[in-house]
Amino acid sequence: MTAMINNRFGRRGMLGLLGAAAASVATGCARDFRQVGGSAVPAKYHGRLHLIAWHSFASTTGEALVDLVSKFNDSQSDIFVELQYQGGYEETQQKLSATLIARQIPDLVVLSEVTWRAMHLADALEPLEGYFDADLQPTDYIEQFITEGTVKGHIWWLPFARSTPLFYFNKTLFEKAGLPGRAPRTWDEFADWAPAIKKQRVGSGSNVMPLALDGGYSAWYFQGNMWQWNGRYSDGLDIKLDEPEGIAAATWMAEFIRKHKAAYLSAKGSIDFGNQAASAALMSTASLAQTTELAKAGKFELGTGFLPEHKAFGCPTGGSGWGILTHAPTERKQAAFEFLKYLGRPETSATWTMATGYLPIVKKAQKDPRLVALVTKDPNFSTSLHQLPKTRTQDLGRLVIPDASNFMDDAFETLYSSGIAPATAMRQLAKKMRRKADLLEDIYRAHYE
Amino acid sequence: MTAPATLTQVTASPITGRGEGHRSQRPKSIVPRILLYLGLIVVGLAAIIPIYWLLSSSVKTSGEIFVFPPRWFPTSFHFENFVEAWHSAPFGRMYINSIVVTIFGTLGEICVAVLSSYAFVFLPFPRKNLIFGIFLGAMMVPGTVVLLPNYMTVAQLGWVNTYAGLIVPGWGSVFAMFLLRQHMMTLPTEITEASRVDGAGHLRTLWSIVLPLSRPMVVTVMIVSLVSKWNDFIWPLIVTNTDNMRVLPVGLLMLKSDEGYTDWGAVMAATCFVVIPVLIVFFFAQRQIVAGLTQGATKG
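The structure presented is a predicted model; accordingly, all values stated were derived computationally and were not measured.

**Some words on the overall build of chain A**
A tally of regular secondary structure across chain A gives 19 helices and 16 strands. Here chain A has a C-alpha radius of gyration of 24 Å; the compact-globule value for 449 residues is 22 Å, and the two agree. In chain A, which comprises 449 residues, the proportion classed as buried is 58%. Sequence separation of 24 or more characterises 75% of the internal contacts of chain A that already satisfy a separation of 6 or more. In chain A, 48 side chains carry a positive charge and 47 a negative one; their mean positions are 4 Å apart.

**Description of the sheet that holds strand β8 (residues 158-163) of chain A**
Residue and element names in this part refer to chain A. Taking strand neighbours across the sheet as the criterion, the five strands line up as β3-β2-β5-β16-β8 in an open arrangement whose pairing is mixed. Every other strand in the sheet has two partners, leaving β3 (79-85) and β8 as the edge strands with one partner each. Each adjacent strand pair in this sheet contributes to an overall mean axis angle of 20°, direction not counted. Summarising the sheet, β8 and strand β16 (residues 318-324) pair through five bridges and their orientation is antiparallel. Note on β16: the bridge partner recorded for S163 is G318. Each of β2 (49-55), β5 (108-112) and β16 touches helix α4 (residues 89-102); the most contacted strand, β5, lies at about 135° to it.

**A word on the confidence of the model for chain B**
Residue and element names in this part refer to chain B. Mean pLDDT over chain B stands at 83; residues scoring 70 or higher make up 85%. Of all secondary-structure elements in chain B, the lowest mean pLDDT belongs to helix α1 (residues 3-11), at 42, while helix α8 (residues 163-167) reaches the highest, 95. For this predicted complex, the interface score ipTM comes out at 0.73, while the overall pTM is 0.82.

**Considerations on unusual backbone geometry**
All names here are of chain A. Of note in the backbone geometry, S59 takes a positive phi value of approximately 55° without being a glycine. Counting through the fold element by element, S59 comes out in helix α3 (residues 59-75). Unlike most non-glycine residues, R103 shows phi in positive territory, near 60°.

**As for the environment of B:F132**
Residue and element names in this part refer to chain B. Here F132 shows up in helix α6 (residues 128-140). Remark: the alpha-carbon pair of F132 and F178, spanning 46 residues in sequence, is separated by 9.0 Å. Beyond its immediate stretch of four places on either side in the chain, F132 contacts F120, M177, F178, R181 and Q182.

**A closer look at a negative patch on the surface**
A grouping of A:E63, A:D67, B:E80 and B:E84 is seen on the molecular surface, where their side chains present a negatively charged patch. Of all the secondary structure elements, the ones that give two or more residues to the negative patch are α3 of chain A together with α4 (80-88) of chain B. Looking at the secondary structure, you find B:E84 in helix α4. You can call B:E84 partly exposed: its relative accessible area is 42%.

**Concerning the sheet that holds strand β13 (residues 263-266) of chain A**
Residue and element names in this part refer to chain A. As summarised here, the arrangement of the five strands in space is β13-β10-β14-β9-β15, forming an open sheet in which the pairing is mixed. Of all the strands in the sheet, the pair left with one neighbour each is β13 and β15 (302-305). Each adjacent strand pair in this sheet contributes to an overall mean axis angle of 30°, direction not counted. Direction of pairing for strand β10 (residues 209-214) relative to strand β14 (residues 278-284): parallel, over a ladder of three bridges. When the bridges of β14 are listed, M209 appears paired with A278. Strand contacts of helix α8 (residues 187-198): β9 (165-170), β10 and β14, with the helix running at about 120° to β10, the strand carrying the most contacts. Sitting on the sheet, helix α12 (residues 288-298) is in contact with β9, β14 and β15, with an inclination near 145° to β15.

**Focus: helix α19 (residues 422-448) of chain A**
All names here are of chain A. In a regular helix each residue adds 1.5 Å, so 27 residues correspond to 39 Å; α19 covers only 32 Å between its end C-alpha atoms and thus falls short of that length. A maximum bend of about 55° is found in α19 at E441. Considered for burial, the residues of α19 that qualify are P422, A425, M426, L429, A430, M433, A437, L440, Y444, H447 and Y448.

**Concerning the pattern of salt bridges**
All names here are of chain A. The full count for this structure, using the stated rule, is 19 salt bridges over all chains. Note that R162 and E148 form a salt bridge whose closest N and O atoms lie 2.7 Å from each other. You can see R162 sitting in strand β8 and its partner E148 sitting in helix α6 (residues 143-148), a full 14 residues away along the chain. Accessibility classification places R162 together with E148 in one group, the buried group. In this structure, K259 and E255 form a salt bridge, with 3.7 Å as the shortest nitrogen-oxygen distance. The exposed category is assigned to K259, whose relative accessible area is 62%. Relative accessible area serves as the criterion here: at 35%, E255 is assigned to the partly exposed category. Salt bridges sharing partners connect three or more residues here, namely D133, D135, E338 and K341.

**Some remarks on the packing of helix α5 (residues 91-122) of chain B against helix α9 (residues 174-185) of chain B**
Residue and element names in this part refer to chain B. It is the contact of α5 with α9, at a shortest axis distance of 8 Å, that shows an interaxial angle of 45°. By the criterion of interaxial angle, the relationship of α5 to α9 is oblique. For the element pair α5 and α9, the recorded crossing hand is right-handed. Here E109, A113, V114, S116, S117, Y118, F120, V121 and F122 of α5 come into contact with α9, specifically with A176, M177, L180, R181, M184 and M185. Residue composition of the contact of α5 with α9, grouped by class: 11 nonpolar, two polar and two charged.

**Observations regarding the nonpolar core**
Residue and element names in this part refer to chain A. With 100 residues, the main nonpolar core has F190, F222, L241, F256 and I401 as its most contacted residues. If one sorts the elements of this core by residue count, α19 sits on top with nine residues. When residues of this core are sorted by domain, at least three fall in each of domain 1 (14-162 + 318-377) and domain 2 (165-316 + 395-448). Other than its neighbours up to four places away in sequence, L241 contacts M226, R232, Y233, G246, I247, M408, M426, L429, A430 and M433. Counting residues in hydrophobic clusters, the runner-up holds 39 residues, among them A53, F57, L158 and A365.

**Comments concerning the packing of aromatic side chains**
Taken as a whole and assessed by the stated rule, the structure comprises 47 aromatic pairs over all chains. When the ring of A:Y45 is compared with that of A:F80, the centres are 5.0 Å apart and the planes differ by 25°; the resulting orientation is stacked. Of this pair, A:Y45 sits in the loop between β1 (34-35) and β2 while A:F80 is found in strand β3, placing the two residues 35 residues apart along the sequence. Seen in terms of ring centroids, B:Y118 and B:F122 are 4.8 Å apart; in terms of plane orientation they differ by 40°. Their pairing is tilted. In this pair, B:Y118 and B:F122 both sit in helix α5, four residues apart, roughly one turn of the helix. Both residues of the pair, B:Y118 and B:F122, count as buried. Within the aromatic cluster, the residues linked to one another by ring pairs are A:F57, A:F72, A:Y89, A:F160, A:W322, A:F339, A:Y342, A:W352 and A:Y358. Over the aromatic face of A:W227 sits the side chain of A:R392, whose NZ or CZ is 4.0 Å from the ring centroid.

Rules of the game
Residues numbered from 1 in each chain as written. Chains lettered and ligands numbered in written order. Predicted model: local features only at pLDDT ≥ 70, side-chain atom pairs only at ≥ 80, totals over all residues. Heavy atoms only, no water. Helix = DSSP H or I, 4+ residues; strand = E, 2+ residues; numbered from the N terminus. Rg over C-alpha atoms; globule rule 2.2 N^0.38 Å. Buried < 20%, exposed > 50% of the residue type's maximum accessible area, 1.4 Å probe, protein only. Contact = heavy atoms within 4.5 Å. Lys, Arg positive; Asp, Glu negative; His and termini not counted. Charge placed at Lys NZ, Arg CZ, Asp CG, Glu CD. Pairing = 2+ DSSP bridges. Axes fitted to C-alpha atoms, helices over the stretch in contact; angles between N-to-C directions. pLDDT = per-residue confidence, 0-100. Patch = residues over 30% accessible without salt bridge, like charges linked within 9 Å, V, L, I, M, F, W, Y side chains within 5 Å. Areas by Shrake-Rupley, 256 points an atom, 1.4 Å probe, with all protein chains shown as cover. Salt bridge = Lys/Arg side-chain N within 4 Å of Asp/Glu carboxyl O. Expected span 1.5 Å × (residues − 1). Bend = angle between axes of the 7 residues up to and from the residue. Parallel < 35°, antiparallel > 145°, perpendicular 65-115°, else oblique. Left-handed = near helix turned anticlockwise from the far one by under 90°. Nonpolar A, V, L, I, M, F, W, Y, C, P; charged D, E, K, R; others polar. Core = buried A, V, L, I, M, F, W, Y, C linked by side-chain atoms within 4.5 Å. Domains from an automatic or database assignment. Phe/Tyr/Trp six-rings, centres within 6.5 Å; stacked < 30°, edge-to-face > 60°. Lys NZ or Arg CZ within 6 Å of the ring centre and 35° of its normal.

Structure representation (structure tokens):
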């Protein structure tokens, strides 16, 4: 492809272009960052500061964000925020990296719990602690969420669409199997229940599997298991997942799958759970709305509970938040923060939670009458709120090591679906992570120590 | 870029799976014939079931899609999916964009490929084989690798979020050039020599002699290019920012969220928007396509 562009421009043109690119890279800041192109500003918003915000929310979630943004645009007369959808979190990050090199950037961007770390290491994000004022203080946010975006006293990333894993179960089926209509308190209890669940049949189908494990994000869910076994993925960049606790956690799950035949790797756990091929699944809190609908269609009662414990409780936070790009001009960064302040208002946060199923991001939002009404009406919704104070930020290994979130998922998929010895699986994964962590060491030290 | 994958898509399509090539060697006795038909039915079903599932799911309610055991026939026709899908992204605008990008992209790609392959076959210039080798090398480079450099080039030109940015980078296709070159190599040199004796220049030779003789291959290249441009996803996503410049495959993404709620009925309906124009093109051009593809298979 590049070769053919060569043809079109002629050799000299192309050489000139390359030269220009090389020169602009060499001189670094000589050329300013420009705002990436947007649409024409609607007439009623003319004369305002035009901000461009990149996001990764599709479907109903995307519509909910569009609503929030148009309310923000109408709520004041200085700023116009244009939303631009850029695909999923990883696609957005990929595109942001490209635009940073090309020096054409948006003003603010949605980044996941993994991708913001990369942008922070690339020095692309603006420290936000100086922007807070009487309207919004960092302490207004739910503590888990705001500390996750804070490194060395600077706030880089503000929470927005946050979620945690949750234990979903089929209450009707549990009761039919003679079990209590609640989530198992410990994994061992669940293992005791498994034989009774496996005897159940739904329709003319085969026997019910106790637990479906999702392939996507499996390393996110397993972060909980690591902590439950008192292990961890890493301490900073120091990889710990092949220590005895980590291997014990992996071994328990491997035996639950292989010996008890009580869990399996599912292509889409939510669907297997929805059509009752599996009696329980670990899923995001954000899946509650869809799962409730699936349960209604499958005519069973949905139950939710905290993640099962082993030696301790463990549950990671996940999801995404906003970052402001440090290369944007000061007045636009200031305006971008005004938008984030709007999102941090309790009523906005509650509206967003009601529309999407993501957790509220500020403490006061939990007292919003609409949310209170929802919690009393649907006890499943309150489960995630009650679990929230016990959750925490994942170990940095998964978050900062490039591509770790992907290859760790692969490793756990292999553990769940093959006969590999758990100790071997964890050692292989740890080795790979250490190799990648070594490459990252200098830049990590510069940003985190 | 993604041409090989597209080729398999094309060959796996139900229309090409009709087995016309078997006519000359039709088995005489009854048993092999039954086996042959059984095999064909299996292959046919394998191709048709996913498309049937797509079409039937597009008129099911969300709940009905997931029911196990699967319901093969929708109990009622839930056409609201189409309305909902149409409103959840600016599909009207995306149709226009997709059509513009596909048509001008394909035309440009064919022009570049025809001219460059002609040059490689009929024009003498130094280090021709070396340069051709470099081009072939470029074909081995996966598309994702050139994504960033291409984006930077397009950004330098100020083409981000424009039709030029969507279309022009796709004009250079080594695969198309390679296919055409291999075909042109098989043309007898006597014909081109004769035309030169008659006083035809290169353009005349290309237009009146080489192109008509290469028609089946040009059609093959055109179809491959048409389908890959229509389905192209990652480049349009990267190079455009605003919804009014987006193409259909990106529109599909807007219906599906990673976490949280996905209305699969609407996703299926929107997928129909994307698939149906391609199916119609196949329907009208299937003779040409099959001829072109088999031509490609024997001459490539």
